[in-house]
Amino acid sequence: ELKVEQNPLFLSMQEGKNYTIYCNYSTTSDRLYWYRQDPGKSLESLFVLLSNGAVKQEGRLMASLDTKARLSTLHITAAVHDLSATYFCAVDAPRHFGNEKLTFGTGTRLTIIP
Amino acid sequence: NAGVTQTPKFRILKIGQSMTLQCAQDMNHNYMYWYRQDPGMGLKLIYYSVGAGITDKGEVPNGYNVSRSTTEDFPLRLELAAPSQTSVYFCASSYEDKAYEQYFGPGTRLTVT
């Protein structure tokens, strides 16, 4: 069974600081997704990482994937209040035909403090 | 495109009642999913579908049923509602040409009392 763990679960950061959220998963996969969820809202796709060594950046967020270590990171640079949200990673199940489904991590609730 | 739409947005059910949560997408995605999210938790997969007429169980299917008669629609049926089914329900869809990136609906907040 695929397990996806995120840490930390809760993170309070000061504005302007840098930090990293970690996503570990238990079985081989070469597709990993990051989502953002604002309180009371739905999930918004941030990044899709499709191969070992993939790196994607959007604004102050940068995501990377190391499939050999079964690890993805979401790095936040010079945090601003607008980044306060819960961030989820999700991993594609070991692939076989007709089995394209994701297992989600528990989420990291990020609070940016002025 | 409207994307993924869900109705209703909110619903209160009494124990033992039944209801259907509606989900529709207009992106011609062949994969569709139902998740539940309990307060402060991640998402758990209830059922999913890889195309019209094909559905399969996810991690927590008990107490739910689905059907997929068209590409666009994927309703979730709750039979004999129980307090444990109080949750927020999200529908999502994906497509292989977009690397199976899932697009989520706005959610249905269900309370069973």
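See the structure shown above.
Caption draft 1: Summary view of the side chain of Arg68 of chain B. In this structure, Arg68 of chain B sits in the loop between β7 (64-66) and β8 (76-78). For the buried Arg68 of chain B, which has no salt bridge, the nearest side chain bearing the opposite charge is Glu72 of chain B, at an N-O separation of 7.5 Å.

Caption draft 2: Region of interest: the pattern of salt bridges. Under the definition given, this model contains 4 salt bridges over all chains. Across the pair Asp38 of chain A and Arg36 of chain A runs a salt bridge whose closest N-O atoms are separated by 2.9 Å. Judged by its relative accessible area of 14%, Arg36 of chain A falls in the buried class. Across the salt bridge formed by Glu79 of chain B and Arg77 of chain B, the nearest N and O atoms sit 3.1 Å from each other. By relative accessible area, Glu79 of chain B is classed as partly exposed at 35%.

Caption draft 3: Here's a closer look at the interface of chain A and chain B. Counting residues at the interface gives 21 residues for chain A and 21 residues for chain B. Buried surface at the junction of chain A and chain B, summed over both partners, amounts to about 1600 Å²; 56% is from carbon and sulfur atoms. At the surface where chain A touches chain B, the tally comes to 0 salt bridges. Listed by contribution, the elements that provide at least two residues to the side of chain A that touches chain B are β4 (32-37), β5 (43-49) and β10 (102-104) of chain A. Residue composition of the side of chain A that touches chain B, by class: 8 nonpolar, 8 polar and 5 charged.

Caption draft 4: Spatial organisation of the packing of aromatic side chains. Here the structure, examined in full by the defined rule, presents 10 aromatic pairs over all chains. Seen from their ring centres, Phe104 of chain A and Tyr35 of chain B are 5.4 Å apart, and the 85° between their planes marks the pair as edge-to-face. Residue Phe104 of chain A is found in strand β10, and its partner Tyr35 of chain B is found in strand β4 (residues 31-37); the two belong to separate chains. You'll find Phe104 of chain A and Tyr35 of chain B in the same group, each marked buried. Through a chain of ring-to-ring contacts, three or more aromatic side chains come together here, namely Tyr35 and Phe104 of chain A together with Tyr33, Tyr35, Tyr48, Phe90 and Phe104 of chain B.

Caption draft 5: Region of the structure containing unusual backbone geometry. A cis geometry characterises the amide bond from Asn7 of chain A onward to Pro8 of chain A, with omega recorded as 0°. Residues Thr7 of chain B and Pro8 of chain B are joined by a peptide bond in cis, for which omega reads -5°. Within the fold, Pro8 of chain B resides in the loop between β1 (4-7) and β2 (10-13). In the Ramachandran plot, Ala78 of chain A falls in the positive-phi region, its phi being about 50° despite a non-glycine side chain. Mapped onto the fold, Ala78 of chain A is located in the loop between β8 (71-76) and β9 (85-92). Take Ala78 of chain A: its relative accessible area is 24%, and that puts it in the partly exposed class. A positive phi is found at Leu80 of chain B, a non-glycine position, where the angle reads about 50°. Inspection of the secondary structure puts Leu80 of chain B in the loop between β8 and β9 (87-94). For Leu80 of chain B, a relative accessible area of 64% corresponds to the exposed category.

Caption draft 6: A look at the sheet that holds β8 of chain B. Residue and element names in this part refer to chain B. Spatially, β1-β3-β8-β7 is the arrangement adopted by the 4 strands of the open sheet, whose pairing is antiparallel. The open sheet terminates on both sides in strands that have one partner only, identified here as β1 and β7. The mean angle between the axes of side-by-side strands here comes to 20°, regardless of whether they run parallel or antiparallel. Where β7 and β8 come together, 3 bridges link them in antiparallel fashion. If you follow Asn65 over to β8, its bridge partner there is Arg77.

Caption draft 7: Quick peek at the side chain of Arg36 of chain A. Residues and elements named next belong to chain A. Mapped onto the fold, Arg36 is located in strand β4. A polar atom in the side chain of Arg36 sits 2.9 Å from the side chain of Asp38. With sequence-adjacent residues up to four places away left out, Arg36 is seen in contact with Ser42, Leu43, Glu44, Leu46, Asp82, Leu83, Ser84, Ala85, Thr86 and Tyr87.

Analysis parameters
- Residues numbered from 1 in each chain as written.
- Chains lettered and ligands numbered in written order.
- Predicted model: local features only at pLDDT ≥ 70, side-chain atom pairs only at ≥ 80, totals over all residues.
- Heavy atoms only, no water.
- Helix = DSSP H or I, 4+ residues; strand = E, 2+ residues; numbered from the N terminus.
- Buried < 20%, exposed > 50% of the residue type's maximum accessible area, 1.4 Å probe, protein only.
- Lys, Arg positive; Asp, Glu negative; His and termini not counted.
- Salt bridge = Lys/Arg side-chain N within 4 Å of Asp/Glu carboxyl O.
- Contact = heavy atoms within 4.5 Å.
- Buried area = accessible area lost by both parts, 1.4 Å probe.
- Nonpolar A, V, L, I, M, F, W, Y, C, P; charged D, E, K, R; others polar.
- Phe/Tyr/Trp six-rings, centres within 6.5 Å; stacked < 30°, edge-to-face > 60°.
- Pairing = 2+ DSSP bridges.
- Axes fitted to C-alpha atoms, helices over the stretch in contact; angles between N-to-C directions.
- Polar contact = N/O pair within 3.5 Å; in protein donor to acceptor, adjacent residues only side chain to side chain.

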